[in-house]
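# Structural overview for review
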Amino acid sequence: MPSATLLGQSVLSGIVIGSLYGLLGLGMSLSWGMLRQVNLAHFALAFLGGYLTFQLSGRLDPFLALAVIAPLFFLAGMALHWFLTRFSVTLLNTLLDTFGLTSMIEAAIQWIWTADFHRMESPYADVRWRLG
C-alpha cells in the first residue's frame, strides 16, 4: 500500500496534468468551433512555449520568463489566425497547413533540445510547504 504522501502527490499530479490537457483541448475546440480553423499547431506551439520558458528560466526568474513568453505566443497564434484568414484557407487546407507547421515545430524542438531528460533548476525548488 503506498504512503498517503505518495498517493496525495499522485492525485495532485493527475489533476494538474489533466487540467493542462483540458485547457489545450479547449483552445483547439474553440478555434475549430468558432473560427472554423483546425489548428493542429496549437499543441506544438504550447510545447514550444514550454521549452522556451524552460530555456529562459535559466537566465531569468521562471515566472518572469513565463510573463515574457506567453504574450509572444499569443501574438504568434493571432498571426497564424490572420495568415489563414487572409488567404481564405479552407477547412481541409487549415488541417494540412497546421499539420505541416506542427511537424516543423516538433522537428525543431527535437533538434534543439533533444529527447533527453531535462531538469529545471530554480530558486523555487527549495521552497517547501507543510500542510497539516
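Just above sits the structure.
In what follows, the accompanying structure is described. Keep in mind that this is a model prediction, so the values were computed, not measured.

Take a nonpolar patch on the surface next. Side chains of Leu60, Leu64, Val68, Leu72, Phe74, Leu75 and Met78 sit close together on the surface and give an oily, nonpolar patch of about 640 Å² of accessible area. Counting through the fold element by element, leucine 64 comes out in helix α3 (residues 62–86). Exposure remark for leucine 64: the relative accessible area of 45% places this residue in the partly exposed category.

Another point: the nonpolar core. Grouped together as the largest cluster of nonpolar side chains are nine residues: Ala41, Ala44, Leu45, Leu48, Leu80, Leu84, Ile105, Ile109 and Trp113. Elements supplying a minimum of two residues to this core: α2 (41–56), α3 and α4 (91–113).

This part is about the side chain of threonine 98. Note that threonine 98 resides in helix α4. According to the relative accessible area criterion, threonine 98 is buried, its value standing at 1%. A distance of 3.1 Å separates the side chain of threonine 98 from the backbone nitrogen of leucine 40, its partner in a polar contact. In terms of polar contacts, threonine 98 uses its side chain to reach the backbone carbonyl oxygen of leucine 95, at 3.5 Å.

Each value, and the rule that gives it
Residues numbered from 1 in each chain as written. Predicted model: local features only at pLDDT ≥ 70, side-chain atom pairs only at ≥ 80, totals over all residues. Heavy atoms only, no water. Patch = residues over 30% accessible without salt bridge, like charges linked within 9 Å, V, L, I, M, F, W, Y side chains within 5 Å. Areas by Shrake-Rupley, 256 points an atom, 1.4 Å probe, with all protein chains shown as cover. Salt bridge = Lys/Arg side-chain N within 4 Å of Asp/Glu carboxyl O. Helix = DSSP H or I, 4+ residues; strand = E, 2+ residues; numbered from the N terminus. Buried < 20%, exposed > 50% of the residue type's maximum accessible area, 1.4 Å probe, protein only. Core = buried A, V, L, I, M, F, W, Y, C linked by side-chain atoms within 4.5 Å. Polar contact = N/O pair within 3.5 Å; in protein donor to acceptor, adjacent residues only side chain to side chain.

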